[in-house]
Amino acid sequence: QVQLVESGGGLVQAGGSLRLSCAASGSIGSIAVMGWYRQAPGKQRELVAVIITGGSTNYADSVKGRFTISRDNAKNTVYLQMNSLKPEDTAVYYCNAHITTSITRSYWGQGTQVTVSS
């Protein structure tokens, strides 16, 4: 059974920083893509950042220059360093990974709340 467990959310003032972590566990063959999405109240879930095995990254325009995604392949863990946080970054952040066991499918974490106060 594959699980994604997130940590690192919380309450921070505008301009502050947080670091999210997401560790994948279970019978994992390989992980091609890992990423972070977020969903604010009343809004659709949106992509924040993704990183592939080779290290290539892609970011939402709204977070470019402020957020950095990275991964530790040996630990099956993805990180999201969030700097210069704004109130509009407030959302539940979800980890996502495309994981191959006997098949390849998409997995989601349970979500972690990030609240940025003004």
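Rules behind the numbers
- Residues numbered from 1 in each chain as written.
- Predicted model: local features only at pLDDT ≥ 70, side-chain atom pairs only at ≥ 80, totals over all residues.
- Heavy atoms only, no water.
- Disulfide = S-S within 2.5 Å.
- Helix = DSSP H or I, 4+ residues; strand = E, 2+ residues; numbered from the N terminus.
- Pairing = 2+ DSSP bridges.
- Axes fitted to C-alpha atoms, helices over the stretch in contact; angles between N-to-C directions.
- Phe/Tyr/Trp six-rings, centres within 6.5 Å; stacked < 30°, edge-to-face > 60°.
- Lys NZ or Arg CZ within 6 Å of the ring centre and 35° of its normal.
- Buried < 20%, exposed > 50% of the residue type's maximum accessible area, 1.4 Å probe, protein only.
- Polar contact = N/O pair within 3.5 Å; in protein donor to acceptor, adjacent residues only side chain to side chain.
- Contact = heavy atoms within 4.5 Å.

**Q** I keep staring at the state of the cysteines and nothing clicks. Help me out?
**A** Covalent bonding between the sulfur atoms of two cysteines is what defines a disulfide. Scanning the entire structure with this criterion turns up 1 disulfide. Sulfur-sulfur distance for the disulfide between Cys22 and Cys95 comes to 2.1 Å. Note on the Cys22 and Cys95 pair: the S-S dihedral is about -80 degrees, so by sign convention the disulfide is left-handed. Of this pair, Cys22 sits in strand β3 (residues 18-25) while Cys95 sits in strand β9 (residues 91-100), and the two are 73 residues apart along the sequence.

**Q** Looking at this model, I keep getting lost on the sheet that holds strand β8 (residues 77-82). Mind explaining?
**A** Consider a sheet: its strands pair through backbone hydrogen bonds, and that pairing is either parallel or antiparallel. Taken in spatial order, the 4 strands line up as β1-β3-β8-β7 in an open sheet, and their pairing is antiparallel. Two strands close off the open sheet at either side, each with one partner strand: β1 (3-7) and β7 (67-72). On average, each strand axis in the sheet is inclined to that of its neighbour by 15 degrees, with strand direction left out of account. Relative to β3, β1 is paired through 5 bridges, and the arrangement is antiparallel. Residue pairing for β3: Val5 is matched across the bridge by Ala23.

**Q** What exactly am I supposed to notice about the packing of aromatic side chains here?
**A** Geometrically, a pair of aromatic rings is defined through the distance of the ring centres and the angle of the planes. Under the criterion given, the structure shown has 1 aromatic pair. Summarising the aromatic geometry, the rings of Tyr37 and Trp108 are spaced 5.1 Å apart at their centres and angled 65 degrees between planes, so their arrangement reads as edge-to-face. With Tyr37 in strand β4 (residues 30-39) and Trp108 in strand β10 (residues 104-108), the pair connects residues that are 71 residues apart, well separated along the chain. Sitting over the face of the ring of Tyr79, Arg19 holds its NZ or CZ atom 4.1 Å from the ring centroid. One Lys or Arg, Arg45, reaches over the ring of Tyr94 and ends 3.7 Å from the middle of that ring.

**Q** Can you walk me through the side chain of Thr112 in this structure?
**A** Among the structural elements, Thr112 can be located in strand β11 (residues 112-117). Accessibility expressed as a relative area gives 11% for Thr112, which makes it buried. At a separation of 3.3 Å, a polar atom in the side chain of Thr112 contacts the main-chain amide nitrogen of Gly9. If sequence neighbours within four positions are ignored, Thr112 has contacts with Glu6, Gly9, Leu20, Ala91, Val92 and Tyr93.

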